[in-house]
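Coordinate inspection notes
Next come the chains, spelled out residue by residue.
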Amino acid sequence: MNKESLRAELLLRLTSLPNDSIQSLSFSLTNQLIKLFHFIPELQGQVGAGYLPLKAEIAPVYQELFRAVPLSLAYPVLVQGQMYFALPQGMPKGSTWLEPPYHMVEPEWLLVPGVGFDNNGARLGRGKGFYDRYLEGKDVLKIGLAWSEQIVDKIPVEAHDSHMDYIITEEFCWDVNQQKRF
């Protein structure tokens, strides 16, 4: 199946979820993410990056995450058509892109949204390439976040596509390099 067909199929799955299901999945995903931060405690002392979820997108419940784990999270900003990351001053505001005021940073790890993932760490985004362009040439830990129904057997990849180091769902944490759940 090509990228466009797979993207359409997976987006249909996501958009068919009622809001209360998305909220429930997001809370469960947050619990799995907390487990990851306890499994790799050194991430807590680094600047990481989250994202501001689109409609029908599974995302951490940041208030719950911050209550359980001390984190410094930056969010995406759009500057001259390119994605960067910035720490908000106060609570993050915006939809998709962080609104000012903020302070630009280079995160050491990223929470990455996706339309689909496979167990080899391949990611299918929304097709605009923001994450792939941002990650090109960067050595940062990439943590893909998804609903377990977004995990498929094989994502078609191209040379410029970034691969995840971990994939977190509402049911499990997947270590791509070790090929095992924890």
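Scroll up to find the structure this text is about.
Scoring rules and cut-offs
- Residues numbered from 1 in each chain as written.
- Predicted model: local features only at pLDDT ≥ 70, side-chain atom pairs only at ≥ 80, totals over all residues.
- Heavy atoms only, no water.
- Helix = DSSP H or I, 4+ residues; strand = E, 2+ residues; numbered from the N terminus.
- Areas by Shrake-Rupley, 256 points an atom, 1.4 Å probe, with all protein chains shown as cover.
- Lys, Arg positive; Asp, Glu negative; His and termini not counted.
- Charge placed at Lys NZ, Arg CZ, Asp CG, Glu CD.
- Patch = residues over 30% accessible without salt bridge, like charges linked within 9 Å, V, L, I, M, F, W, Y side chains within 5 Å.
- Salt bridge = Lys/Arg side-chain N within 4 Å of Asp/Glu carboxyl O.
- Buried < 20%, exposed > 50% of the residue type's maximum accessible area, 1.4 Å probe, protein only.
- Contact = heavy atoms within 4.5 Å.
- Pairing = 2+ DSSP bridges.
- Axes fitted to C-alpha atoms, helices over the stretch in contact; angles between N-to-C directions.
- Core = buried A, V, L, I, M, F, W, Y, C linked by side-chain atoms within 4.5 Å.
- Phe/Tyr/Trp six-rings, centres within 6.5 Å; stacked < 30°, edge-to-face > 60°.

Our next topic: the overall build of the chain. When its secondary structure is counted, the chain shows 4 helices and 11 strands. A principal-axis box enclosing the C-alpha atoms of the chain has dimensions of 45 × 35 × 35 Å. With the model as given, the accessible surface of the chain reaches about 9,100 Å², and the carbon-plus-sulfur share is 50%. Of the side chains in the chain, 16 bear a positive and 21 a negative charge, and the two mean positions are spaced by 3 Å.

A surface patch of nonpolar side chains, amounting to about 230 Å² of accessible area, comprises Val79, Tyr84 and Met104. With respect to the helices and strands, the residue Val79 is situated in strand 2 (residues 72-79). Val79 gets classed as partly exposed once you look at its relative accessible area, which sits at 30%.

Another aspect to go through is the side chain of Gln32. Note that Gln32 resides in helix 2 (residues 19-39). Among residues more than four places away in sequence, those in contact with Gln32 are Ile168, Thr169, Glu170, Glu171, Phe172, Cys173 and Phe182.

This part takes up the sheet that holds strand 11 (residues 180-181). Pairing is mixed in the open sheet, where 9 strands are placed in the order 4-3-2-1-5-8-9-10-11. If you trace the sheet from one side to the other, it starts and ends with strand 4 (102-105) and strand 11, each paired once. Packing of helix 2 onto the sheet brings it into contact with strand 5 (109-113), strand 8 (141-145), strand 9 (166-168) and strand 10 (173-175), and relative to strand 9 it is tilted by some 145°.

Turning next to the nonpolar core. By size, the foremost hydrophobic cluster in this structure holds 52 residues, and its most contacted members are Leu33, Leu110 and Ile143. Residues in contact with Ile143, not counting those within four places in the same chain, are Leu33, Leu36, Leu43, Trp109, Leu110, Leu111, Val112, Met164, Tyr166 and Ile168. Of all hydrophobic cores here, the second largest spans 7 residues; its members include Leu6, Leu10, Leu124 and Ile155.

Let's shift gears to the packing of aromatic side chains. According to the stated counting rule, one finds 8 aromatic pairs in the structure shown. On the basis of an interplanar angle of 25° and a centroid distance of 4.1 Å, the ring pair of Phe39 and Phe182 is categorised as stacked. Of this pair, Phe39 sits in helix 2 while Phe182 sits in the segment after strand 11, and the two are 143 residues apart along the sequence. Judged by relative accessible area, which is 46%, Phe39 ranks as partly exposed.

Our next topic: the pattern of salt bridges. Taken as a whole and judged by the stated rule, the model has 6 salt bridges. Between Glu57 and Arg126 there is a salt bridge, and its shortest N-O distance comes to 3.7 Å. Of this pair, Glu57 sits in the loop between strand 1 (47-49) and helix 3 (62-68) while Arg126 sits in the loop between strand 7 (123-124) and helix 4 (130-135), placing them 69 residues apart in sequence. Judged by relative accessible area, which is 11%, Glu57 ranks as buried. With a relative accessible area of 36%, Arg126 lands in the partly exposed category. Arg67 is paired through a salt bridge with Glu64; the nearest N and O atoms lie 2.9 Å apart. Taken as a pair, Arg67 and Glu64 lie in helix 3 at a separation of 3 residues, close to a single helical turn. Connected through shared salt-bridge partners, Lys3, Glu158 and Asp161 make up one network.

Without other data, these values stay purely geometric and don't point to any function.
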